[in-house]
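These are the residues of each chain, in order.
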Amino acid sequence: MEKTSKIYVAGHRGMVGSAIWRALESKGYTNLLGQTSKDLDLRNQQAVLDFISKEKPDVIIDAAARVGGILANNDYPFQFIMENMQIQNNLIDAAHKLDVKKFIFLGSSCIYPKFAPQPLKEEYLLTDSLEPTNEWYAIAKITGVKACQAIRKQFGKDFVSLMPTNLYGTHDNFDLKTSHVLPAMIRKFHEAKENGNTPVTLWGSGTPMREFLFVDDMAEGVVFALENTLPEYLYNVGTGIDITIKELAETIQEKVGHTGEIIWDSSKPDGTPRKLMDVSKMNNVGWKHKVDLEEGIELTYNWFLANQNDFKEVKL
Ligand SMILES: NC(=O)c1ccc[n+]([C@@H]2O[C@H](COP(=O)([O-])OP(=O)(O)OC[C@H]3O[C@@H](n4cnc5c(N)ncnc54)[C@H](OP(=O)(O)O)[C@@H]3O)[C@@H](O)[C@H]2O)c1
């Protein structure tokens, strides 16, 4: 990959897209292309075709999506399935029609079956049913993986899918209506501390196990996939290490300095009991994470403290 290659990062203002942008800049890539959703609505097929045909990028990295936690997935199933399919289909189809050389599609670990053996290997895809609370999003993402695989198989093009585990980090979404578990906990513990160490109520039993990857490590994985021709169509990207939600809560509580009680609301859903990625394929081709969870939480909390006045509420 030339440092002057034109690289379009779709979703460049999002948590993942902005980390990819920073990683590309720091590695000396000089010809980066980004559009806000206001300037280019990726749900609009003609607008996407016109944009790609005008700009002629060498590479497209698809980090644009409608994302959110259990609550948002549950409340807005139509947006989660339809918008994600529209965004990715328009980008994949335009990239194929207009001969974009490389396409990197970002999915998610929730594409794997709810009760798949752990750790999750890439070949478990489509072997059983999904977790119902996020099946809308997962089904959209699975069709994206399959579309890229089909283009790879039929036309021999370098279209590859990366499946990140739960990501967190700077530029995360701290809106409690739509956020993922880790940033939601940071905000809840911080606000409870500010209010005199009031109790913090968390969803579920605390027993599910989850894996978390710092977003800058994910971005390094994307740059790795950009700079290397990977032999398979699908790679998990994670740390290969998981902890219980209870351990996560206690770690965040300690980093934030909250000394109040934690109440577990077991009337709320837990989601999948365990979700750990087998990352051996990605490790074997040469990528490995660098930032451990404690360091990542510290970096994320510091970013939260510096930016908490600027958060915009997410509207669906
Ligand atoms: N966060 C995670 O834990 C996680 C885990 C696994 C996989 N992923 C994947 O990583 C990717 C990025 O996630 P993220 O966490 O960075 O999400 P994010 O912070 O919400 O960013 C999403 C981006 O998508 C863009 N977008 C959404 N709808 C659009 C539309 N209709 N037209 C144009 N752009 C649109 C937004 O653009 P504007 O800002 O301009 O509106 C935004 O920049 C997604 O594919 C997601 O599935 C994320």
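- The name an unreviewed UniProt entry gives the protein chain is GDP-L-fucose synthase, with Neptunitalea lumnitzerae as the organism.
- According to its UniProt record, the protein chain has this under Catalytic activity (unreviewed entry): "GDP-beta-L-fucose + NADP(+) = GDP-4-dehydro-alpha-D-rhamnose + NADPH + H(+)".
- You can read under Pathway (unreviewed entry) in the UniProt record for the protein chain the words "Nucleotide-sugar biosynthesis; GDP-L-fucose biosynthesis via de novo pathway; GDP-L-fucose from GDP-alpha-D-mannose: step 2/2."

1. Brief notes about the overall build of the protein chain
Alright, step 1. Across its full length, the protein chain carries 10 helices and 12 strands.
Alright, step 2. Here the C-alpha atoms of the protein chain give a radius of gyration of 19 Å, agreeing with the 20 Å that 2.2 N^0.38 yields for 316 residues.
Alright, step 3. Expressed along its principal axes, the backbone C-alpha trace of the protein chain runs to roughly 55 × 40 × 40 Å.
Alright, step 4. On the protein chain, roughly 14,100 Å² of surface is accessible, and the fraction owed to carbon and sulfur atoms is 50%.
Alright, step 5. Side-chain charges in the protein chain split into 35 positive and 42 negative, and the spacing between the mean points of these groups amounts to 5 Å.

2. Considering the site of the ligand
Alright, step 1. Taken together, 26 residues form the shell around the ligand, and within it Val16, Ser37, Gly107, Tyr137 and Lys141 come nearest.
Alright, step 2. A distance of 2.7 Å separates an oxygen atom of the ligand from a polar atom in the backbone of Val16.
Alright, step 3. A distance of 3.4 Å separates an oxygen atom of the ligand from a polar atom in the backbone of Leu106.
Alright, step 4. Here the ligand loses 86% of its free accessible area of 890 Å² to cover by the protein chains.
Alright, step 5. Going through the elements one at a time, helix H1 (15-26), helix H5 (135-155) and strand E6 (166-168) are the ones with two or more residues in the shell around the ligand.
Alright, step 6. Considering only residue class, the shell around the ligand consists of 13 nonpolar, nine polar and four charged.

3. Here we look at helix H8 (residues 245-256)
Every α-helical turn comprises 3.6 residues, leaving residues that sit three or four positions apart pointing alike.
Alright, step 1. Along its 12 residues, H8 runs 16 Å from first to last C-alpha, staying within 8% of the 16 Å computed at 1.5 Å per residue.
Alright, step 2. For H8, the set of buried residues is Ile245, Leu248, Ala249, Thr251, Ile252, Gln253 and Val256.
Alright, step 3. Residues of H8 that are buried make contact with helix H6 (181-194), strand E7 (200-203), strand E8 (209-214), strand E10 (242-244), strand E11 (262-265) and helix H10 (293-307).
Alright, step 4. Just beyond H8, the residue with positive phi is Gly257, at close to 90°.

4. Details of the nonpolar core
Alright, step 1. Among the nonpolar cores identified, the biggest contains 40 residues, and Tyr8, Leu42, Ile52, Ile60, Leu91, Phe103 and Tyr112 are the most heavily contacted of them.
Alright, step 2. Taken together, the elements giving at least two residues each to this core come down to strand E1 (7-10), helix H2 (45-55), helix H4 (77-97), strand E4 (102-106), H5 and strand E5 (158-164).
Alright, step 3. One finds Ala19, Leu213, Val222 and Trp287 within the second-largest nonpolar core, a separate group that totals 32 residues.

Reading guide: rules and limits
- Residues numbered from 1 in each chain as written.
- Predicted model: local features only at pLDDT ≥ 70, side-chain atom pairs only at ≥ 80, totals over all residues.
- Heavy atoms only, no water.
- UniProt positions renumbered as here; feature names shortened; annotations may be inferred.
- Helix = DSSP H or I, 4+ residues; strand = E, 2+ residues; numbered from the N terminus.
- Rg over C-alpha atoms; globule rule 2.2 N^0.38 Å.
- Areas by Shrake-Rupley, 256 points an atom, 1.4 Å probe, with all protein chains shown as cover.
- Lys, Arg positive; Asp, Glu negative; His and termini not counted.
- Charge placed at Lys NZ, Arg CZ, Asp CG, Glu CD.
- Near = heavy atom within 4 Å.
- Polar contact = N/O pair within 3.5 Å; in protein donor to acceptor, adjacent residues only side chain to side chain.
- Nonpolar A, V, L, I, M, F, W, Y, C, P; charged D, E, K, R; others polar.
- Expected span 1.5 Å × (residues − 1).
- Buried < 20%, exposed > 50% of the residue type's maximum accessible area, 1.4 Å probe, protein only.
- Contact = heavy atoms within 4.5 Å.
- Core = buried A, V, L, I, M, F, W, Y, C linked by side-chain atoms within 4.5 Å.

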